[in-house]
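Fold and geometry: a report
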Amino acid sequence: MTALSICLALLAAIGNAGASVLQRRAAADIGPGRPQGRSSAAGALLRQRVWIWGAALLGLSGICQALALATGPLAVVQPVMSSELLFTLVLGGVVFRRRPDRRTQLAFAAMAVGLAGFLALAAPTGGRSTAPAAQWLWTGVCVAVTVGLLMAVSPRLPSAPRAAVVGTATAIGFALTAALMKDALGRLPDGVGALLSTWQPYAAVILGLGSFVLLQVALRAGSLAASQPALTLGDALLSVVLGVVLFEEHVHLGVRAVFEVVALGLLFWGCLQLARSPLLTEGGEDGAQKW
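Residues numbered from 1 in each chain as written. Predicted model: local features only at pLDDT ≥ 70, side-chain atom pairs only at ≥ 80, totals over all residues. Heavy atoms only, no water.

1. Some points on the overall build of the protein
Scanning the protein from N- to C-terminus turns up twelve helices and zero strands. Each helix and strand of the protein, placed in order from N terminus to C terminus, yields the pattern α-α-α-α-α-α-α-α-α-α-α-α. Evaluated residue by residue, the protein yields a buried proportion of 44% over its 291 residues. Per element, the accessible surface of the protein, about 14500 Å² overall, is 70% carbon and sulfur. (Helix = DSSP H or I, 4+ residues; strand = E, 2+ residues; numbered from the N terminus. Buried < 20%, exposed > 50% of the residue type's maximum accessible area, 1.4 Å probe, protein only. Areas by Shrake-Rupley, 256 points an atom, 1.4 Å probe, with all protein chains shown as cover.)

2. Describing the packing of aromatic side chains
Under the criterion given, the structure shown has one aromatic pair. Each ring, one from Trp 136 and one from Trp 199, has its centre 5.8 Å from the other, and the planes form 85°; the classification is edge-to-face. Taken together, the residues span a long stretch of sequence, with Trp 136 in helix α7 (residues 133-153) and Trp 199 in the loop between α9 (192-196) and α10 (200-221) at a distance of 63 residues. On the basis of relative accessible area, Trp 136 is assigned to the buried category, the value being 5%. (Phe/Tyr/Trp six-rings, centres within 6.5 Å; stacked < 30°, edge-to-face > 60°.)

3. Examining the pattern of salt bridges
The full count for this structure, using the stated rule, is two salt bridges. Across the pair Arg 128 and Glu 248 runs a salt bridge, and its minimum N-O distance is 3.1 Å. Here the residue Arg 128 occupies a position in the loop between α6 (102-122) and α7, and Glu 248 occupies one in the loop between α11 (224-247) and α12 (256-275), the gap between them amounting to 120 residues. We classify Arg 128 as partly exposed; its relative accessible area is 25%. (Salt bridge = Lys/Arg side-chain N within 4 Å of Asp/Glu carboxyl O.)

4. With respect to the environment of Glu 84
Along the polypeptide, Glu 84 turns up in helix α5 (residues 84-95). Under the relative-accessibility criterion, Glu 84 is labelled partly exposed at 28%. Linking Glu 84 and Ala 17, residues 67 residues apart in sequence, is a C-alpha distance of 5.6 Å. Once you skip the residues sitting within four places of it in the chain, Glu 84 turns out to touch Ala 13, Asn 16 and Ala 17. (Contact = heavy atoms within 4.5 Å.)

5. Overview of unusual backbone geometry
The general pattern is negative phi for most residues beyond glycine and trans for most peptide bonds. Positive phi is not limited to glycine here, since Ala 123 has a value of about 45°. Relative to the elements of secondary structure, Ala 123 occurs in the loop between α6 and α7.

6. Considerations on the environment of Leu 242
Tracing the chain through its elements places Leu 242 in helix α11. On the basis of relative accessible area, Leu 242 is assigned to the buried category, the value being 5%. Beyond its immediate stretch of four places on either side in the chain, Leu 242 contacts Leu 74, Thr 139, Ala 175, Leu 176, Ala 179 and Phe 247.

7. A word on the nonpolar core
One finds Trp 136 and Leu 274 to be the most contacted residues of the largest nonpolar core, which totals 46 residues. In this view, Trp 136 contacts Ala 131, Leu 176, Ala 179, Leu 180, Asp 183, Trp 199, Gln 200, Leu 246 and Phe 247; residues no more than four positions away in its chain are not counted. (Core = buried A, V, L, I, M, F, W, Y, C linked by side-chain atoms within 4.5 Å.)

8. A word on the side chain of Thr 177
Within the secondary structure, Thr 177 is located in helix α8 (residues 159-186). The buried category is assigned to Thr 177, whose relative accessible area is 8%. In contact with Thr 177, not counting residues within four places along its chain, are Ala 204, Leu 207, Gly 208 and Ser 211.

9. Considerations on α6
In a regular helix each residue adds 1.5 Å, so 21 residues correspond to 30 Å; α6 covers 30 Å between its end C-alpha atoms and thus fits that length. Every buried residue belonging to α6 is among Thr 104, Ala 107, Phe 108, Ala 110, Met 111, Gly 114, Leu 115, Phe 118, Leu 119 and Ala 122, and all of these are buried. Positive backbone phi, approximately 45°, marks Ala 123, located one or two places after α6. (Expected span 1.5 Å × (residues − 1).)

10. Details of the packing of α5 against α6
Between α5 and α6, the shortest axis-to-axis distance is 10 Å and the interhelical angle comes to 150°. For the element pair α5 / α6, the angle class is roughly antiparallel. Every pair of crossing elements has a handedness; the one defined by α5 and α6 is left-handed. For the pair formed by α5 and α6, the contact residues are Leu 86, Leu 89 and Val 90 on the first element and Phe 108, Met 111 and Ala 112 on the second. Its residues placed into classes, the contact of α5 with α6 shows six nonpolar, no polar and no charged. (Axes fitted to C-alpha atoms, helices over the stretch in contact; angles between N-to-C directions. Parallel < 35°, antiparallel > 145°, perpendicular 65-115°, else oblique. Left-handed = near helix turned anticlockwise from the far one by under 90°. Nonpolar A, V, L, I, M, F, W, Y, C, P; charged D, E, K, R; others polar.)

Here is the structure:
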């Protein structure tokens, strides 16, 4: 089942990446003479068939993520989902006909090896499908206090640290949203009525929307290189913690912890370099338009 959840999480990550690239392609197709105003620009995007396909692909990726959470540990699914950035750059390079430079290729390898190494060493297994109400209460309080402190501090920081701090708050929101989805899906065997009578699915929708808003704030607060590592690693690491605390998933530590830290460091470095890639930065090294 863990192998199945990994495959589904990879499909979800590829779907998210494909949706992002298609929607950026639609935005680029509008051209420099794009309509003025947010409503006009949104209307132009909605008329783009490529954008609609991207939205549909995003829905399919959400289904794959839900199935992955229903069949495997949270501590496995969300770290695997962090590969979305890698797939975004690969697919974007193909669609926009921009080849990654050597540094970007090295970052690809570092992120892939770091992620695979961490999952192989930590080897999250087991766990329950739902969490007790008391566990959710304490987790909710801790998350609310942490996110509140981060958002209170962020306006006083310069651009790059502010983006990293808001990115961390966003990652916390996405990780908790995934945990709520897993808990809700764990109640599905009791029937759809039992699922809809619980608070978890509604909390997941509200928190997911709030996290999406925070993501926009993080992206506007500073460069992608400042926010993306916090988003990627924050989501992955907190999901491991939530998997252990809420769902009693087992993670191997001991002597392996040293090598797990090395693998995470490699993952962090790869993520940082990918966020700085000319494929994402304005103008790039060859002057191509940012996508």
